[in-house]
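Understanding the architecture of this molecule
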Amino acid sequence: MTRHEQILDCLMVHLERLSPKGGKLHADADLANELGLDSVNVMDLLLEVEDEFDISVPVNVIADIHTPRQLASAIEKIEAA
Amino acid sequence: MALFDKFKKLADARAALMATEPCPLGTRIDEVFSPTQGRIGDQEVILAGTNNYLGLTFNSDCIAAAHHALDAEGSGTTGSRLANGNYSGHQALEIELARFFERPSAIVFSTGYMANLGLIGTLVGPGDTVVLDADCHASIYDACRLAGVDVIRFRHNDPRDLDKRLGRLGDKIDSTLIIVEGIYSMLGDRAPLKEIVAVKRQHGGYLVVDEAHSMGVMGEHGRGLAEAEGVEADVDFVVGTFSKSLGAIGGFAVSHHRELDTVRLASRPYIFTASPSPATIASVRVALDIVANRPALRHQLWSNAERLYAGLAHAGYELGPQSGPVTAALLDSPQQAVAFWHALLEHGVYVNLVLPPATPGGRALVRVSVSAAHDTTQIDRIIEAFTTLKPMLSSSAKP
Ligand SMILES: Cc1ncc(COP(=O)(O)O)c(C=O)c1O
């Protein structure tokens, strides 16, 4: 399993719990439109992610993130930095 | 997508909730009789959904000073503080604010929203970091956006969570602003400021406290939570507003860093807007003097707050964690909250309806505010309305 896949798996566990709409969860699902997450939900997800990976993920990076896969890439990049 | 299409979801959500007049969002208040009484439609109401904590909106000295300034200096300044809008009253108010807070520097802004934009948005920029309480006000989030700064949230009122996040910053701590509020506007709970200050001392960084809801309300001299907790020396910047306990409109930032004064030269929300009107400044100056010299108003406010909190708790409501000028009653669903809000109005009580995502934890709530100007009969009438209406919130009565 690549690091990217590991991160993505972990994100999916959190999303499973958070997603209020219960839309079909997949790596390219749109966080807002398909999974029904509002901006506060996504920021709360970041809190979990920060603690899980012991990194800082600035809230401002999520402006460009729309899917779990994109978020996983952003986390991977921060980890590597 | 056409320009307005993106608002459709919001508009639909509002329409679904707001079928009956009067509308809880942006309720039209038809008449205001006093700080605590008004008329909405044909219903006379107790105003218990304001930020008029000391009841100063109708204070005769504030009004007289405003009248005088209106006659003497006209209705507006028509310009920026950095151009033609810097009257002697604006500067006098800054000196008085600095003296009130016992700090060397103060800047007056046109609103509290702009005070946050103007202070935070200017102090930090790309490459710097803001670590803020997750429940901070929208003006603080917007200030960070304006600044283009990295924003890290910590869990609401959780100093250990702040500690963890500051610990991850490394060298970046030197250009980090930590931002919290005194009293939080929705649940009325207060920041654990002593513990937050201890974390800041350990790691470094600068601390901003937005005392919008606590200035005039807490502390022996009314300087807010930092004064009440005895930690003013560790708070680098205090931001606040004239629109709550001071009963007018406008905002400010004060600091023990003398360099704060230079912020006004670079602060776009300070420069590119007109300064507050002379009448506003005049009434705020008198209100500030009242805050400093009439602690009895604060005592009355707290006595009212405790009476209300105890009454609502006794009636079985789930409330915010602490008594204070803002008491939130948490409800199960937005639909239930809307129905409850209408019922309270029919019982002559106006409160604020707050729906997610503006609420912490995604709950629906009604926000009840008290004022030093409420008398105990009014507080008891509010409690009575809540008590009478409690059965409509039982699970079997859920819509
Ligand atoms: C914490 C906080 N900061 C700032 C503001 C903005 O104040 P103003 O109404 O003066 O713009 C508010 C008011 O809503 C607030 O609650």
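Rules of the game
- Residues numbered from 1 in each chain as written.
- Chains lettered and ligands numbered in written order.
- Predicted model: local features only at pLDDT ≥ 70, side-chain atom pairs only at ≥ 80, totals over all residues.
- Heavy atoms only, no water.
- Helix = DSSP H or I, 4+ residues; strand = E, 2+ residues; numbered from the N terminus.
- Rg over C-alpha atoms; globule rule 2.2 N^0.38 Å.
- Buried < 20%, exposed > 50% of the residue type's maximum accessible area, 1.4 Å probe, protein only.
- Contact = heavy atoms within 4.5 Å.
- Axes fitted to C-alpha atoms, helices over the stretch in contact; angles between N-to-C directions.
- Parallel < 35°, antiparallel > 145°, perpendicular 65-115°, else oblique.
- Left-handed = near helix turned anticlockwise from the far one by under 90°.
- Pairing = 2+ DSSP bridges.
- Phe/Tyr/Trp six-rings, centres within 6.5 Å; stacked < 30°, edge-to-face > 60°.
- Domains from an automatic or database assignment.
- Buried area = accessible area lost by both parts, 1.4 Å probe.
- Salt bridge = Lys/Arg side-chain N within 4 Å of Asp/Glu carboxyl O.
- Polar contact = N/O pair within 3.5 Å; in protein donor to acceptor, adjacent residues only side chain to side chain.
- Nonpolar A, V, L, I, M, F, W, Y, C, P; charged D, E, K, R; others polar.
- UniProt positions renumbered as here; feature names shortened; annotations may be inferred.
- Near = heavy atom within 4 Å.
- Areas by Shrake-Rupley, 256 points an atom, 1.4 Å probe, with all protein chains shown as cover.
- Core = buried A, V, L, I, M, F, W, Y, C linked by side-chain atoms within 4.5 Å.

On to the overall build of chain B, then. Summing up its helical and strand segments, chain B has 14 helices and 14 strands in all. A globule of 399 residues ought to have a C-alpha radius of gyration of about 21 Å, and chain B, at 21 Å, matches this closely. For chain B, the spread of C-alpha atoms along the three principal axes comes to 60 × 55 × 50 Å. Across the 399 residues that make up chain B, the buried fraction comes to 57%. For chain B, restricting intrachain contacts to residue pairs at least 6 apart in sequence, the fraction spanning at least 24 positions comes to 68%.

With that out of the way, let us pick up the packing of helix α3 (residues 88–101) of chain B against helix α11 (residues 278–293) of chain B. Residue and element names in this part refer to chain B. Packing of α3 against α11 brings their axes to within 10 Å, and their N-to-C directions diverge by 15 degrees. With respect to each other, α3 and α11 are oriented roughly parallel. The hand of the α3/α11 crossing is left-handed. Of the residues in α11, those touching α3 at Gly89, His90, Ala92, Leu93, Glu96, Leu97 and Phe100 are Ile281, Val284, Arg285, Leu288, Val291 and Ala292.

This next bit is on the sheet that holds strand β11 (residues 326–331) of chain B. Strand-to-strand pairing in sheets goes through backbone hydrogen bonds, with the strands running parallel or antiparallel. Residues and elements named next belong to chain B. On the basis of which strands lie adjacent, the open sheet formed by three strands has the order β11-β14-β13 and antiparallel pairing. The open sheet has two free edges, formed respectively by β11 and β13 (352–354), since each of these has just one partner strand. Direction aside, the axes of adjacent strands within the sheet are offset by 25 degrees on average. Of the pairings in the sheet, the one linking β11 to strand β14 (residues 364–369) comprises six bridges and is antiparallel in character. Looking at the pairing, Leu330 lines up with Leu365 of β14. Packed onto the sheet, helix α13 (residues 334–346) meets β11, β13 and β14 and runs at close to 175 degrees relative to β13.

The geometry of two aromatic rings is summed up by the distance between their centres and the angle between their planes. All names here are of chain B. Counted under the stated rule, the structure contains nine aromatic pairs over all chains. Note on Phe4 and Phe7: the rings are 6.2 Å apart at their centroids and 50 degrees apart in plane angle, and the pair reads as tilted. Take Phe4: its relative accessible area is 63%, and that puts it in the exposed class. Ring geometry for Phe100 and Phe101: centres 5.0 Å apart, planes at 85 degrees, overall edge-to-face.

Moving on, we come to the domain arrangement of chain B. Residue and element names in this part refer to chain B. Along its sequence, chain B is organised into domain 1 (5–57 + 295–393) and domain 2 (74–293). One C-alpha centre belongs to domain 1, the other to domain 2, and the line joining them spans 27 Å. Taken together, the 24 residues of domain 1 in the interface contact 25 residues of domain 2. Taken together, both faces of the contact between domain 1 and domain 2 bury some 2,000 Å²; the carbon and sulfur share is 61%. Three residues stand out in domain 1 for area buried against domain 2, namely Leu56, Arg298 and Gln322, and they jointly supply 28% of the buried area on that side. The tally of links from domain 1 across to domain 2 stands at zero salt bridges. Connecting domain 1 to domain 2 are nine residue pairs in polar contact (both at pLDDT 80 or more). Listing elements by their share of the side of domain 1 that touches domain 2, those giving two or more residues are α12 (295–314), β11 and β14. With five residues, the single largest contributor to the side of domain 1 that touches domain 2 is α12. A breakdown of the residues in the side of domain 1 that touches domain 2 according to their chemical character gives 16 nonpolar, six polar and two charged.

All names here are of chain B. Sheet architecture is open: seven strands sit in the order β4-β10-β9-β8-β7-β5-β6, paired in mixed fashion. Sheet topology places β4 (105–109) and β6 (150–154) at the edges, where each strand pairs with a single neighbour. Each neighbouring strand pair of the sheet contributes to a mean axis angle of 20 degrees, computed without reference to strand direction. In the sheet, strand β5 (residues 129–133) pairs with β6 via five bridges, with the strands oriented parallel. Counterpart to Asp133 in the pairing with β6 is Phe154. Against the sheet, helix α7 (residues 193–203) engages β7 (176–181) and β8 (206–210), with an angle of about 160 degrees to β8.

This part takes up the UniProt feature "domain: Aminotransferase class I/classII large" (unreviewed entry) in chain B. UniProt feature "domain: Aminotransferase class I/classII large" (unreviewed entry): in the numbering of this structure it lies at residues 45–386 of chain B. Here residues 45–386 of chain B is 42% helix and 16% strand, with 14 Å between the C-alpha atoms at its ends.

All right, on to the site of the ligand then. All names here are of chain B. Inspection of the region around the ligand gives 15 residues, with Gly112, Asp210, His213, Thr241 and Lys244 positioned closest. Between an oxygen atom of the ligand and a side-chain N or O atom of His137, the distance comes to 3.1 Å. Contact between the ligand and Thr241: an oxygen atom at 2.6 Å from a side-chain N or O atom of the residue. Bound to the protein, the ligand loses 83% of the 390 Å² it would expose on its own. The leading source of residues in the shell around the ligand is helix α4 (residues 112–123), at three residues. Of the residues that constitute the shell around the ligand, the class distribution is two nonpolar, 10 polar and three charged.

Okay, the nonpolar core next. All names here are of chain B. In terms of nonpolar packing, the biggest core is built from 91 residues, with Leu97, Val180, Phe340 and Phe386 touching the most fellow members. Split by domain, this core shows at least three residues from each of two domains, domain 1 (5–57 + 295–393) and domain 2 (74–293). Contact partners of Val180, with chain neighbours within four places excluded, come to Asp133, Cys136, Phe154, Ala191, Leu193, Ile196, Leu207, Val208, Val209 and Asp210.

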